[in-house]
Amino acid sequence: MIQELASTSHIESDSMDLKQMQDLHIDSKADFHAPSKINPQFITAFKKSCIIISNDFESEKNYLSNTYAKEDIRIYDLEELKIDDAHEIIEEAHIATTKDKIIAIFAFSYNHYAQNALLKILEEPPTHIIFMLYITARNKLIPTIFSRLVVFNKSKKIHAKPLELDLTRLTIPVVYEYVNKLEKEHISYEQGRKILSQILDSMIANNILLDEKGLERFNMTLHALYSKQSVHIALLPILLSLVKG
């Protein structure tokens, strides 16, 4: 599972005031490198819904949660944005408010029908409502949504690191030592998915084939990580299955 990362970068700065925003003549079809943190002043000056490309959802969610009062933001943390989620978001957006409220949507995939359901409200959001759609890559959203919103690219280039384990020489003690290390380091779910990608890359490099049970185990591991099971627990079964008897 290797995520595509957008790389376009036009503006690099740590802060941006209202005058700078106005001088940019923002085109919704272009990508802009956003400030390292989207602070309250930035959002207040911008006052427009936007798409944010990021490969660090956890940091983004933590920052938003710690920056805004609960009544000023609603965060949807989803594996996939489905049609029922879209309807709930539309209802949330129509709740009257006298001050700006952010609706932040974090999803690793966006259902096509759900996206179409959101088109009208994204184009004409209710008063004081600001949408922030977080994605990991441009291909997660349909072109018509991109044509309606400004896109800020906050993704960081990731240089793939080799897996720390040698899958051809795995032993039970080595596996347990590794997962204990992951537990102590408090590995995030996103990091866990990257490790799973590294495991798959290493299997391919070493001609280790997945049979039907192996594929099912891989899918179960991926689902466990999306369900926010502890990373070391989620990865343990697939690593143990690679130990040669």
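Thresholds, definitions, all that
Residues numbered from 1 in each chain as written. Predicted model: local features only at pLDDT ≥ 70, side-chain atom pairs only at ≥ 80, totals over all residues. Heavy atoms only, no water. Axes fitted to C-alpha atoms, helices over the stretch in contact; angles between N-to-C directions. Helix = DSSP H or I, 4+ residues; strand = E, 2+ residues; numbered from the N terminus. Parallel < 35°, antiparallel > 145°, perpendicular 65-115°, else oblique. Left-handed = near helix turned anticlockwise from the far one by under 90°. Contact = heavy atoms within 4.5 Å. Nonpolar A, V, L, I, M, F, W, Y, C, P; charged D, E, K, R; others polar. Salt bridge = Lys/Arg side-chain N within 4 Å of Asp/Glu carboxyl O. Buried < 20%, exposed > 50% of the residue type's maximum accessible area, 1.4 Å probe, protein only. Pairing = 2+ DSSP bridges.

- Looking up the protein in an unreviewed UniProt entry gives the name DNA polymerase III subunit delta, with the organism given as Helicobacter trogontum.

## Observations concerning the packing of helix α8 (residues 189-205) against helix α9 (residues 212-226)
- Where α8 meets α9, the axes come as close as 9 Å, and the angle between the chain directions of the two elements is 165°. Considering the angle they form, α8 stands roughly antiparallel to α9. Every pair of crossing elements has a handedness; the one defined by α8 and α9 is left-handed. Residues Y189, G192, R193, L196 and L200 of α8 form the contact with α9, whose own contacting residues are F218, T221, L222, L225 and Y226.
- Of the residues contributing to the contact of α8 with α9, the split by class is 7 nonpolar, 2 polar and 1 charged.

## Comments concerning the pattern of salt bridges
- Enumeration over the complete set of coordinates arrives at 9 salt bridges.
- The partner of K181 in a salt bridge is E164, and the shortest N-O contact between them spans 2.7 Å. Placement of the pair is K181 in helix α7 (residues 172-185) and E164 in the loop between β6 (150-153) and α7, with a sequence separation of 17 residues.
- The exposure class assigned to E164 is exposed, which follows from its relative accessible area of 56%.
- For D166, the salt bridge goes to R169, with nearest N and O atoms at 3.8 Å.

## Regarding the pairing of β6
- Alternating residues of β6 divide into V150 and F152 and V151 and N153, and every residue in both groups is buried.
- Relative to β6, strand β2 (residues 50-53) runs parallel, the two sharing 4 bridges. Residue pairing across strands places I53 opposite N153, the latter belonging to β6.

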